[in-house]
Amino acid sequence: MNRKRLFCAVLALVLLFSAQPATAAAELWDTYSTTITASCKVPTIKVTVPSTGQVYLNPLKLTVFINGESTSDQIISAPCCIANESDIPITVDVTVTGAVNEGSDMTLVASSTQDSESTDKSAFIYFEMQSADTDDPNDVTWDSEYDSSKHIIVDTSAAGQSKENILTLSAITPEGAVAAGGYGAFRLAGDAVETPANVWTSQDGISVEVAFTFTPLSYI
Amino acid sequence: MKIMNLKRFGSVALAGAMAMSMAVPAFAANQSVVVSGSYTPIDLRVVVPTTGTAIINPYGLPIQIGDATISGQQITTSAPLVIQNRSAVALSVSASLSATTSTGVTLEPASASTDYTTATDKKLHVVFEAFTSELDANTATDNDTLRPLFAALNSDDAALSGDVTTTAADATGSLVLREANDGEAQRGGVALFRLSGEAAKKATWEATDTFEATIAFTFEPGEYSPSAGAFELATTSLSMSGTDRTPLVFTPALPDGVTGTPVFTSSDEAVVKIVDVSGVETVRAYSAGTATLTATITGSDGVTYTSTVDITVAS
C-alpha cells in the first residue's frame, strides 16, 4: 500500500474520532405574548323627570280629592315620580327653591305651624321623596310627619335647600325595563296657620323648583 | 514489481493500528477515553391566550362574567385568562409588561402616589397579576369552575405582579407551573392572570379612552415546590440572654385530597434546633445568628411541598 494513502486513511480516522457532534439546540426561552385591549365603561344616565307638578294650599283642612284619593291635609301635592332608565344605579341629590306668588302676603317658615300660636299667614312646607317599585306614586308609604334627616324644607332663599344622596335608584333590568326600586316618588307636604289675622285668599300660593342631580352609584 | 519488505509492512500496520486505537488527543502517549454527549431538546408546550380584553371602570360598577359578578374593581379583565403548562418539565414563568394608551390617558406606577378618588385627570394605575391555581386541563376550560374562581381572585395572593405603564418593566415574584401529565396540564400546572388597578373616578372619562397592554411571558425550566403551609411561631426573634425557645406551630395547607407529614429542618443547627420539650416540638436557640426553618411535605400526589421561615437569635 502506498504510504501516503495509508497515512491519509489513518489521519482521516483520527480526525473522525476527534470531531464533536453538532446539534441544534431547541429554543427553550420562547416568548409568548398576550395583548390585552381595554375599553372604558362610561355609564349612561337617563332619567325621566316630570316637568311640572301641582301643590294646593288647604289651610282650612277641607276634604279634597286628588287623583281619586280624599285628603284634608293643609298642604296637598299630587305625588310625582321620576324613573331611572340608566343601566347603572344612581344616587339622587335634590335642591328645592321656593317662591311666594306675587301679590301674596304669606310667608314660608322653617318649622311646623301646628304648635305655634302665631296668627301670621304662614305655611311650613317640605319636600319628601321615597323609593318606589312602580310608577304609581300612590303605592308609596309616605312619612307621617317631617323628618329633618330625610326631608327638605322649602324656603325662599336664593340658594334653596339641598340634600345629597336622598335616594338611590336601581338600574334597569336586563330586559331594559325600569326595575323595582328604580322609581322615586316625591311630594310636598306640611301645614299652615289655619286662621291667620289676614285671611287666606286666592292670591296666596307658592311655586317650588325641584332640581335633581343624578350621579352613578360608586362601588368604590 | 517490487514486493514490500514484510517487516516494514508489519511496522506500518502496527503503527496504523495504534493510531486508530488512540482517542483524542490522537497522539497522546497514555490511554484515554472518548466521552460522547448529545443534547436532548425539551419540547416546550404551553397554552397562552394571544388576546384579552379589559375594562376601565371608574365607578367600580358590577361586571358580569357569566353567573359571577365582579364589583368594586376599577380595572379588570372581562374574562378569565389562563396559562397551561403542557410540557414534560416544570416551568418558571416571568413576564415583561408594557402598554400604549389613547391620547389623554396616563398609566402611572404605584410610586406616583396619586389619590385616584380626587384626581380629575385621566390617570390609571394598572397592575398585572398572575396567580397559581388548583385547575387542571379539564377545569381550565370549564367556565362554571373558572368564572367564580376568577371573580374571587385577591391581589394579595398574586404570585407575579407588576405595574403596567408605557415603560417596559418586568413583573416581580415567583411562579412555577408544574410539569404536565402525559401532555396535559395537571393540578399545579395552570395559572390565572388578570389586570387590576385604580382609575381617577372624577375624571371625565369617554368611551374612546383606552389602553393596550402587552404581556410577554417567558418560560424556562424550574423547580415546582409549592407551599406546604404556614409557620405560626409566636416569635421569630430569640435571644440567648432572654427568650431562647418558642413552640413550633405549623399549619399544613395541601391541596384537597393530598396528604403528607411535615418534616422540619434547621439550616444551621448551631444557631437553632427543633427539639422536644415536654412533648412539644420547640424551636430552641443555641447561639446568636440567623437560621431558616424548613417544613417539607412529600405529598401523596408525589409533589414536594415546602415552607420556610427565618429565625434570628440575638446574643
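Here the structure is shown first, and the text comes after it.
First, a word on scope: everything that follows refers to the structure included in this document. Because the structure is a prediction, the values reported are computed rather than measured.

Brief notes about the overall build of chain A
Tallying secondary structure elements over chain A gives one helix and 14 strands in all. In chain A, which comprises 220 residues, the proportion classed as buried is 36%. In chain A, of all internal contacts separated by at least 6 residues, the share reaching a separation of at least 24 is 75%. Only carbon and sulfur atoms are counted for the fraction: they give 50% of the accessible area of chain A, which is about 12,400 Å².

What about the packing of aromatic side chains?
Residues and elements named next belong to chain B. Scanning the model with the defined rule gives 15 aromatic pairs over all chains in all. An angle of 45° between the planes, with centres 6.0 Å apart, marks the rings of Phe128 and Phe193 as tilted. Of this pair, Phe128 sits in strand S9 (residues 123-132) while Phe193 sits in strand S14 (residues 190-199), and the two are 65 residues apart along the sequence. For the pair Phe128 and Phe193, a shared accessibility class is recorded, and that class is buried. One Lys or Arg, Lys273, reaches over the ring of Tyr286 and ends 5.4 Å from the middle of that ring.

Describing the environment of Val164 of chain B
Among the secondary structure elements, Val164 of chain B is positioned in strand S10 (residues 160-164). Sequence separation between Val164 of chain B and Leu107 of chain B is 57 residues, and the spatial gap between their C-alpha atoms is 7.2 Å.

Notes on the sheet that holds strand S14 (residues 206-216) of chain A
All names here are of chain A. Sheet architecture is open: three strands sit in the order S12-S8-S14, paired in antiparallel fashion. Every other strand in the sheet has two partners, leaving strand S12 (161-169) and S14 as the edge strands with one partner each. Averaged over all pairs of adjacent strands, the angle between strand axes in this sheet comes to 25°, irrespective of strand direction. Sheet analysis places strand S8 (residues 90-100) next to S12, joined by six bridges and oriented antiparallel. What sits directly across from Ile90, in S12, is Leu169.

Let's talk about unusual backbone geometry
All names here are of chain A. In this model, Lys61 sits at a positive phi of 60°, which is unusual for a non-glycine residue. Residue position: Lys61 is located in the loop between strand S3 (55-57) and strand S4 (64-66). We classify Lys61 as partly exposed; its relative accessible area is 38%. Positive phi is not limited to glycine here, since Asn165 has a value of about 50°. With respect to the element layout, Asn165 can be found in strand S12. Judged by its relative accessible area of 47%, Asn165 is partly exposed.

Regarding the pairing of strand S20 (residues 263-266) of chain B
Across a regular strand the side chains alternate sides, sitting on one face of the sheet and then on the other. Residues and elements named next belong to chain B. The two faces of S20 differ: Phe264 and Ser266 on one face are buried, but Val263 and Thr265 on the other face are not. Strand direction decides the pairing type here: S20 and strand S23 (residues 289-298), joined by four bridges, are antiparallel. Bridge pairing links Ser266 to Leu293 in S23.

As for the nonpolar core
Here is a general trend for soluble globular proteins: nonpolar side chains tend to be buried in one another's company. Counting residues in each nonpolar core, the largest one holds 42 residues, and the members touching the most others are Ile56, Leu124, Phe128, Leu195, Phe211, Phe217 and Phe219 of chain B. Counting residues in hydrophobic clusters, the runner-up holds 27 residues, among them Ile75, Ile88, Met106 and Phe186 of chain A.

Brief notes about the pairing of strand S22 (residues 280-285) of chain B
Residue and element names in this part refer to chain B. Note: strand S18 (residues 245-247) against S22, three bridges, orientation antiparallel. By the bridge assignment, Pro247 is partnered in S22 with Thr282. Bridge analysis of strand S21 (residues 272-277) against S22 gives six bridges, and the strand direction is antiparallel. Residue pairing for S22: Ile274 is matched across the bridge by Val283. A loop of two residues connects S21 with S22, the two strands running antiparallel in sequence, and Ser278 in this loop sits at a positive phi of about 55°.

A short note on the state of the cysteines
All names here are of chain A. Scanning all chains against the criterion turns up zero disulfides over all chains. You can see Cys80 has no disulfide; the closest cysteine sulfur is in Cys81, sitting 8.6 Å from it. Exposure remark for Cys80: the relative accessible area of 15% places this residue in the buried category.

Things to note about the sheet that holds S18 of chain B
Residue and element names in this part refer to chain B. Overall, antiparallel pairing links the three strands, which are arranged S18-S22-S21 in an open sheet. In this open sheet, the two edge strands, each paired with only one partner strand, are S18 and S21. The average angle at which neighbouring strand axes cross in this sheet is 30°, direction not considered.

Here's the deal with the pattern of salt bridges
Residue and element names in this part refer to chain A. Summed over the entire model, instances satisfying the criterion amount to eleven salt bridges over all chains. In this structure, Arg187 engages Glu128 in a salt bridge whose closest nitrogen and oxygen atoms are separated by 3.0 Å. In this pair, Arg187 is assigned in strand S13 (residues 183-192) and Glu128 in strand S10 (residues 122-132), connecting sequence segments 59 residues apart. Here Arg187 matches Glu128 in class, with each residue buried. One salt-bridge network, in which partners are shared between bridges, spans Asp105, Lys121 and Asp204.

Some words on the side chain of Glu108 of chain B
Residue and element names in this part refer to chain B. Within the secondary structure, Glu108 sits in the loop between strand S8 (106-107) and S9. Within the local environment of Glu108, its side chain forms a polar contact with the side chain of Thr114, the two groups lying 2.7 Å apart. Among the polar contacts listed, one links the side chain of Glu108 to the side chain of Tyr116, at a separation of 2.7 Å. Residues within four places of Glu108 in sequence aside, it is in contact with Thr114, Tyr116, Lys123, Leu124, His125, Val126 and Thr165.

Considering a negative patch on the surface
Residues and elements named next belong to chain A. Residues Glu69, Asp133, Asp135, Asp136 and Asp139 make up a contiguous surface patch of negative charge. On the secondary structure map, Asp133 appears in the loop between S10 and strand S11 (152-153). Judged by its relative accessible area of 53%, Asp133 falls in the exposed class.

Thresholds applied
Residues numbered from 1 in each chain as written. Chains lettered and ligands numbered in written order. Predicted model: local features only at pLDDT ≥ 70, side-chain atom pairs only at ≥ 80, totals over all residues. Heavy atoms only, no water. Helix = DSSP H or I, 4+ residues; strand = E, 2+ residues; numbered from the N terminus. Buried < 20%, exposed > 50% of the residue type's maximum accessible area, 1.4 Å probe, protein only. Contact = heavy atoms within 4.5 Å. Areas by Shrake-Rupley, 256 points an atom, 1.4 Å probe, with all protein chains shown as cover. Phe/Tyr/Trp six-rings, centres within 6.5 Å; stacked < 30°, edge-to-face > 60°. Lys NZ or Arg CZ within 6 Å of the ring centre and 35° of its normal. Pairing = 2+ DSSP bridges. Axes fitted to C-alpha atoms, helices over the stretch in contact; angles between N-to-C directions. Core = buried A, V, L, I, M, F, W, Y, C linked by side-chain atoms within 4.5 Å. Disulfide = S-S within 2.5 Å. Salt bridge = Lys/Arg side-chain N within 4 Å of Asp/Glu carboxyl O. Polar contact = N/O pair within 3.5 Å; in protein donor to acceptor, adjacent residues only side chain to side chain. Patch = residues over 30% accessible without salt bridge, like charges linked within 9 Å, V, L, I, M, F, W, Y side chains within 5 Å. Lys, Arg positive; Asp, Glu negative; His and termini not counted. Charge placed at Lys NZ, Arg CZ, Asp CG, Glu CD.

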